[in-house]
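Overview (structure and organization)
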Amino acid sequence: MRNDSMKLIYFHGFGSSGASGTVQLLRKLLPDDEVIAPDIPVEPLEALPFLRELCEKEQPDIILGTSMGGMYAHQMHGFKRICVNPAINMSTMSSVLKTGEHKFFNGRKDNQKTFRITRDIIQHHNQIERQQFKNLTDEDREHVWGLFGINDKTCNTYDAFHKHYPQCQRFEGEHQLNEKALKKVVLPLIQSIMQN
């Protein structure tokens, strides 16, 4: 067991918020730790600098990102980060990233209920994707862990991610994290990272 408390920043997936069910589970399962969970801007060219600035300010022990949040998380150089089912190919996920009006899955701090995906936003995702693995260092490879649900029907990026980061493993689970996956896979990994 860890003796001191930890600061974790959680990056949510597409269409979600810092008030997601995963955040509530993390806070329940990590009662002695600080879990920071921002609402990520929909526009990727705003999201990336916003998240970098937040991480620089907060200096988390670990960044945990799921899906789109995993794609952003691995780009937070200089921090230890866990990427669960990272959606490193958002711009080609046409079943998810569709133009038009969408509803947020969870409440957001700004009380926005809907958001709009434009062709520009899809293009900006593509722009970020083309740059995301540039200038990786040995430290990056050592400080990024990829977790991939065996039954993930939304986004299977294991092979593409593993090319860049050796610390990847598959787990019994789907695209979204549930309590079982958090307890059996994510929390033991966090524990292991914090002890090293």
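Note: the structure precedes this text.
A brief look at the structure comes next. (Residues numbered from 1 in each chain as written. Predicted model: local features only at pLDDT ≥ 70, side-chain atom pairs only at ≥ 80, totals over all residues. Heavy atoms only, no water.)

1. Structural notes on helix α1 (residues 21-29)
Selection rule: Partly exposed describes any residue whose relative accessible area lies between the buried limit of under 20% and the exposed limit of over 50%, with all areas from a 1.4 Å probe on protein chains only and scaled to the type maximum. Think of it this way: any DSSP run of H or I at least four residues long counts as a helix, any run of E at least two long counts as a strand, and we number them from the N terminus. Arc definition: it is the arc formed by the directions from the helix axis to the C-beta atoms. The criterion used for residue contact is that any of the two residues' heavy atoms lie within 4.5 Å.
Every buried residue belonging to α1 is among Thr22, Val23, Leu25, Leu26 and Leu29, and all of these are buried. Looking straight down α1, one finds its buried side chains confined to an arc of 160 degrees; they lie on one side. Looking at α1, the residues exposed on the side facing more than 90 degrees away from the buried face are Gln24 and Lys28. Where α1 is buried, its residues contact β1 (7-11), β2 (34-36), β3 (62-66) and α7 (179-195).

2. Quick word on the layout of surface pockets
Inclusion rule: Here the term cavity refers to a set of points on a 1 Å grid, laid over the protein atoms alone, in which a 1.4 Å probe fits but cannot get out; the term pocket refers to an open set having protein on both sides within 12 Å along at least five of seven lines, with lining residues being those that place an atom within 4 Å of a point. Grid points are joined across faces, edges and corners, and a volume is the space filled by probe spheres set on the points. In the scheme used here, Gly and all other residues not listed as nonpolar or charged are polar, with Ala, Val, Leu, Ile, Met, Phe, Trp, Tyr, Cys and Pro taken as nonpolar and Asp, Glu, Lys and Arg as charged.
The calculated volume of the largest pocket comes to roughly 490 Å³. Lining the largest pocket are 24 residues, with Gly13, Phe14, Ser16, Phe105 and Gln176 positioned closest to its centre. For the lining of the largest pocket, the per-class residue count stands at eight nonpolar, 15 polar and one charged.

3. Quick look at unusual backbone geometry
Most peptide bonds adopt trans geometry, and most residues besides glycine take a negative phi value. Residue Ser67 is not a glycine yet carries a positive backbone phi of 55 degrees. Position of Ser67 relative to the elements: it lies in the loop between β3 and α3 (68-73). Residue classification places Ser67 among the buried positions, given a relative accessible area of 11%. Here the phi dihedral of Asn111 falls at roughly 65 degrees; this positive angle occurs in a residue that is not glycine. Looking at the element boundaries, Asn111 is found in the loop between β5 (100-103) and β6 (114-117). Classification of Asn111 by relative accessible area gives exposed; the value is 57%.

4. Quick notes on the packing of aromatic side chains
Let me state the cut-off plainly: Any two of the Phe, Tyr and Trp rings considered here, Trp counted by its six-membered ring, make a pair once their centres fall within 6.5 Å; the pair's planes then place it as stacked at under 30 degrees, edge-to-face at over 60, or tilted in between. For a Lys NZ or an Arg CZ to count as sitting over a ring, it must be within 6 Å of the ring centre and within 35 degrees of the ring normal.
Scanning the model with the defined rule gives seven aromatic pairs in all. Both rings, one in Phe104 and one in Phe115, keep their centres 4.6 Å apart while their planes meet at 35 degrees; by these two values the pair is tilted. On the criterion of sequence distance, the pair formed by Phe104 in the loop between β5 and β6 and Phe115 in strand β6 is long-range, its members being eleven residues apart. Taking the relative accessible area as the measure of exposure, Phe115 reaches 6% and is therefore buried. Judged by centre distance (6.2 Å) and plane angle (55 degrees), the ring pair of Phe133 and Tyr165 falls under tilted. A residue pair is termed long-range when its members are at least 10 positions apart, and Phe133 in the loop between α4 (119-131) and α5 (138-142) and Tyr165 in the loop between α6 (158-162) and β8 (168-171) qualify at 32 residues. Following the ring pairs from residue to residue traces out a cluster consisting of Phe133, Phe148, Tyr158, Phe161 and Tyr165. The cationic tip of Arg170 hangs over the ring face of Tyr158; the distance from NZ or CZ to the ring centre is 3.7 Å.

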